[in-house]
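Structural description and commentary
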Amino acid sequence: MYTLLTNYLNALLNESETAFKPVSYVCRQKTRYQVEIKQHSAGILELIPATLAKHSLILSCAVHGDETAPIEVLDKILADIVAGKIHLNSHLVIVFANIAAIKQNKRYVDTNLNRLFTTDLLNKPTQAGNYEEHRAEQICACLAKIYSAGRYPFRIHLDLHCSIKASIYPIFAVKPVKLVGGPVLVYNTPLRYPVQAIIHARKPSSTLSFYTANLLACSSATLELGKSAKLYNNQSNLLRQIYVHLVEGLACTELIPRFCVRSNRHFVVSDEVIKNTEAFHFIGSQPLLNFQSLVHGQPFVQLSNSNKQVSVGEQFICFANPDVEIGHRAALLLKKLHY
Ligand SMILES: [Zn+2]
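All values reported here derive from a predicted model rather than from experimental measurement.

What counts and how
- Residues numbered from 1 in each chain as written.
- Predicted model: local features only at pLDDT ≥ 70, side-chain atom pairs only at ≥ 80, totals over all residues.
- Helix = DSSP H or I, 4+ residues; strand = E, 2+ residues; numbered from the N terminus.
- Rg over C-alpha atoms; globule rule 2.2 N^0.38 Å.
- Buried ≥ 20, exposed ≤ 12 C-beta atoms within 10 Å, placed from the backbone.
- Contact = placed C-beta atoms within 7 Å.
- Domains from an automatic or database assignment.
- Nonpolar A, V, L, I, M, F, W, Y, C, P; charged D, E, K, R; others polar.
- Pairing = 2+ DSSP bridges.
- Axes fitted to C-alpha atoms, helices over the stretch in contact; angles between N-to-C directions.
- Parallel < 35°, antiparallel > 145°, perpendicular 65-115°, else oblique.
- Left-handed = near helix turned anticlockwise from the far one by under 90°.
- pLDDT = per-residue confidence, 0-100.
- Expected span 1.5 Å × (residues − 1).
- Arc of directions from axis to C-beta.

1. A word on the overall build of the chain
Helices and strands together make up the secondary structure of the chain, namely 8 helices and 20 strands. The C-alpha radius of gyration of the chain comes to 20 Å, within 12% of the 20 Å expected for a compact globule of 339 residues. Projected onto its principal axes, the C-alpha coordinates of the chain cover approximately 70 × 45 × 40 Å. Residues counted as buried form 42% of the 339 residues belonging to the chain. Here the contacts in the chain between residues at least 6 apart in sequence split such that 73% fall between residues at least 24 apart.

Right, dumping it as structure tokens:
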């Protein structure tokens, strides 16, 4: 088990998922640095330090299988905790989400996993053979079990991604909306991940961070951590930067009542651009960067053969992707929040 945990990603890449049975292993037993590691399912691990922790941190990666830098970092963090190089001060859950897509170096195999974390979709029977539907159910079932009976009341979730697009601010976070009636989530947090910008969502979505924020009462964010390369080909300074920021939080004993991500630049989602026709395309010869500003009054997207959309006021575009399926979101429009 020690060898498995210190080479976990390698094992995930080379073994069938069914080979990863629920199992538990205790490192440095009966010392103050004891950590119990429970494998709930392939790629879903719970790490319980000996000191009684109220705080819990979920670190997930590979919701998109080709966003590889956080996958490498979480594998190293796991190995370093097992080897005693990191002293864990919080309860920690590590999720390698889309294992089949990591193996194939793809964003997803059958469907975008980050569109499946809604109660509607999770409650309907999964389509036979749809890998991501099965995996979304498995991840939610494991998290529900870990946090059953109100365990670990202060919960933080960072869902770690890498942007596929060039971005004016390469390191940024999306904070999911909290549905009306949910708990107010200003937790003491050991972790405040620094980013260049935070986007505040205003509508429910189907992402893993929306799910953990609203169904597991986590303080959650999706983090975009820059552009990554193929697995094991990422730049060492990108990996080191992510590692250092996460490990600072894991080892920290000082708790601050703040959101788990910090920035002095804030945007709010003002509108979504939906692709409804085959004629849909963004206007201009260059691809739109994340956070690119749009000129007031200028048409920026051809919605159909006869209909263009014009930018109004000071607006910025993010996640522009003309290649999404018909009916899906092709971009977000943002407004800057001025404090
Ligand atoms: Zn992603």
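2. Points about the domain arrangement of the chain
Domain annotation for the chain reports domain 1 (2-262) and domain 2 (270-337). The straight-line distance from the C-alpha centre of domain 1 to that of domain 2 is 30 Å. When grouped by side-chain class, the residues that make up the side of domain 1 that touches domain 2 number 5 nonpolar, 2 polar and 1 charged.

3. Observations regarding the sheet that holds strand β17 (residues 299-302)
Read across the open sheet, the 3 strands follow the order β15-β17-β18; overall the sheet is antiparallel. With partners counted over all chains shown, the strands left at the sheet margins are β15 (281-282) and β18 (308-310), one partner each. The pairing of β15 with β17 spans 2 bridges and is antiparallel. Bridged to F282 within β17 is V301.

4. Overview of the pairing of strand β6 (residues 154-161)
Taking burial as the measure, the 8 residues of β6 include 8 buried ones, the bulk of the element. Inspection of the sheet shows strand β4 (residues 55-61) paired to β6 by 7 bridges, in the parallel sense. Across the sheet, the residue bridging to C61 is L160, located in β6. As paired elements, β6 and strand β11 (residues 218-225) share 7 bridges and run parallel to each other. Note on β11: the bridge partner recorded for H161 is E224.

5. Comments concerning the pairing of β11
Put simply, side chains in a regular strand alternate between the two faces of the sheet. Within β11, 8 of the 8 residues are buried, leaving the element largely enclosed by the surrounding structure. Here β11 shows two buried faces, one formed by C218, S220, T222 and E224 and the other by S219, A221, L223 and L225. Looking at chain direction, strand β7 (residues 171-175) and β11 are connected through 4 bridges and run antiparallel. Bridging across to β11, V174 finds its partner in T222.

6. Quick notes on the packing of helix α3 (residues 69-82) against helix α8 (residues 236-251)
For the pair α3 and α8, interaxial distance at closest approach is 9 Å and the crossing angle is 50 degrees. In terms of axis orientation, α3 runs oblique to α8. Read as a crossing pair, α3 and α8 show a hand that is right-handed. Contacts between α3 and α8 involve A69, P70, E72, V73, K76 and I77 from the first element and L238, L239, I242, Y243, L246 and V247 from the second.

7. Considerations on the confidence of the model for the chain
This prediction gives the chain a mean pLDDT of 92; 98% of its residues lie at or above 70. Looking at the elements of the chain, mean pLDDT is at its lowest for strand β12 (residues 256-257), recorded as 76, and at its highest for helix α4 (residues 99-103), recorded as 98.

8. As for α8
Taking 1.5 Å of rise per residue, 16 residues should cover 22 Å, and α8 covers 22 Å from first to last C-alpha, within 8% of that figure. Along α8, the residues that are buried comprise L238, I242, Y243, L246, G249 and L250. The buried residues of α8 all sit within an arc of 130 degrees when viewed along its axis, so they share a single face. Of the residues in α8, the exposed ones pointing more than 90 degrees away from the buried face are S236, N237, R240 and V244. In this fold, the buried residues of α8 make contact with β4, α3, β5 (91-96) and β11.

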